[in-house]
Amino acid sequence: MYLGIDIGGGSIKATLLNQKLEVLQQESLVTNPNWTNEEFLFGVLEIIKKFPKEKMHGIGIGTPGPLDIETGIIYHSANLKNLKQVPLKSFLQKYYSIPIIINNDANCAALGEYYFGNGKGVNNLLVVALGTGLGAGWVYEGKLFNGYKGNGMELGHITIVYKGALCGCGQQGCAESYFSTKGLLGRYFEQTKIQLNSAQEFFDKVKAGDVHAKYVFQLGIEIFAECLRSIIHIINPEKIILVGGISNAYDLIELPLKEYLQKIVFPELWNYTRIEKGLNVAGSLGAASLLFQENLC
Ligand SMILES: [Zn+2]
């Protein structure tokens, strides 16, 4: 049986699956944003201990990057700000001598859609995670594209606007600084000096016809489309699936996004590139999928 662990913003969630990919047991633990490395490591261990050790054949862990998938070290985390160079894999390996695979949460979301969601059977699948930030994962012929150490496909940090809006990464003009919760709320604040608290609040304003919200939304759509244009021309995906909090506004996003993309993507590619909303498969299932793609089940 396979354990998937999703290290999220406010909690750690774990799911145990059997060979038929059926869910057997689920557990969760609330995280403390002030956790030190040691507290974090023992928190992860505590949740794993809730599952029967003798039945586990592997552990897959999804966490916000950046990280090193070979050594299993998390360099730092935006949500748990005290974490630094956390040796997650080697720590857990002291207690569990089964395969432990760690990867970033956007990559796990991509595998989750491939095994459990709207990406089943898609040979060249791009999953774009639109949440607080903008991330992506690419599953090519059933395998995740990791890059050298697992930090490839940082789609949110493609520069779209030269010397554009400041991004959380410290650079300017990234796609993420225009089309993500942080980006949309940040650009709206620039226009209005009003700080909205959620993407939902922003999309409510777009629907209500707020001029500034509509402007920021259209700009975001165009910049996101330019970002997708680049990646479509590079990897030629069969399907692009949008997941994450912002994908809940897909009814609002779909038409303007596709209209704009049609104008800028090579027509031959545009004719067959499918774009749709994902099932938003649980992160812990995506994390467990790290074991399936390595044929560890
Ligand atoms: Zn950036």
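Residues numbered from 1 in each chain as written. Predicted model: local features only at pLDDT ≥ 70, side-chain atom pairs only at ≥ 80, totals over all residues.

Re the pairing of strand S3 (residues 23-30)
Note that strand S2 (residues 11-17) and S3 share seven bridges and pair antiparallel. Its bridge partner being in S3, Ser 11 is matched across the sheet by Val 30. (Pairing = 2+ DSSP bridges. Helix = DSSP H or I, 4+ residues; strand = E, 2+ residues; numbered from the N terminus.)

A few points about the packing of helix H6 (residues 211-235) against helix H7 (residues 250-264)
The geometry of H6 relative to H7 is characterised by a closest axis approach of 9 Å and an angle of 50 degrees between their N-to-C directions. In terms of their interaxial angle, H6 and H7 are classed as oblique. Classified by chirality, the crossing of H7 by H6 is right-handed. Only Ile 253, Pro 256, Leu 257, Tyr 260, Leu 261 and Ile 264 of H7 make contact with H6, whose side of the interface consists of Gln 218, Ile 221, Glu 222, Phe 224, Ala 225, Glu 226, Leu 228 and Arg 229. (Axes fitted to C-alpha atoms, helices over the stretch in contact; angles between N-to-C directions. Parallel < 35°, antiparallel > 145°, perpendicular 65-115°, else oblique. Left-handed = near helix turned anticlockwise from the far one by under 90°. Contact = placed C-beta atoms within 7 Å.)

Some points on the domain arrangement of the protein
Domain annotation of the protein identifies domain 1 (2-108 + 282-293) and domain 2 (121-277). The gap between the C-alpha centroids of domain 1 and domain 2 is 27 Å. Listed per partner, the contact involves eleven residues of domain 1 and eleven residues of domain 2. Counting only elements with at least two residues in the side of domain 1 that touches domain 2, the list comes to strand S5 (67-68), strand S8 (100-104) and helix H3 (105-116). (Domains from an automatic or database assignment.)

Here we look at unusual backbone geometry
In the Ramachandran plot, Leu 21 falls in the positive-phi region, its phi being about 65 degrees despite a non-glycine side chain. The residue Leu 21 is located in the loop between S2 and S3 in this model. By the C-beta count within 10 Å, which is 14 here, Leu 21 ends up partly exposed. One non-glycine residue, Lys 163, lies in the positive phi region at around 55 degrees. Among the secondary structure elements, Lys 163 is positioned in the loop between strand S11 (143-144) and helix H4 (181-192). For Lys 163, a count of 9 C-beta atoms within 10 Å corresponds to the exposed category. (Buried ≥ 20, exposed ≤ 12 C-beta atoms within 10 Å, placed from the backbone.)

Thoughts on the sheet that holds strand S10 (residues 134-140)
Taken in spatial order, the five strands of this open sheet run S11-S10-S9-S12-S13, and their pairing is mixed. Here the strands that pair on one side only, and so sit at the sheet edges, are S11 and strand S13 (274-277). Where strand S9 (residues 124-130) and S10 come together, seven bridges link them in antiparallel fashion. Opposite Asn 124, over in S10, you have Tyr 140 as the bridge partner.

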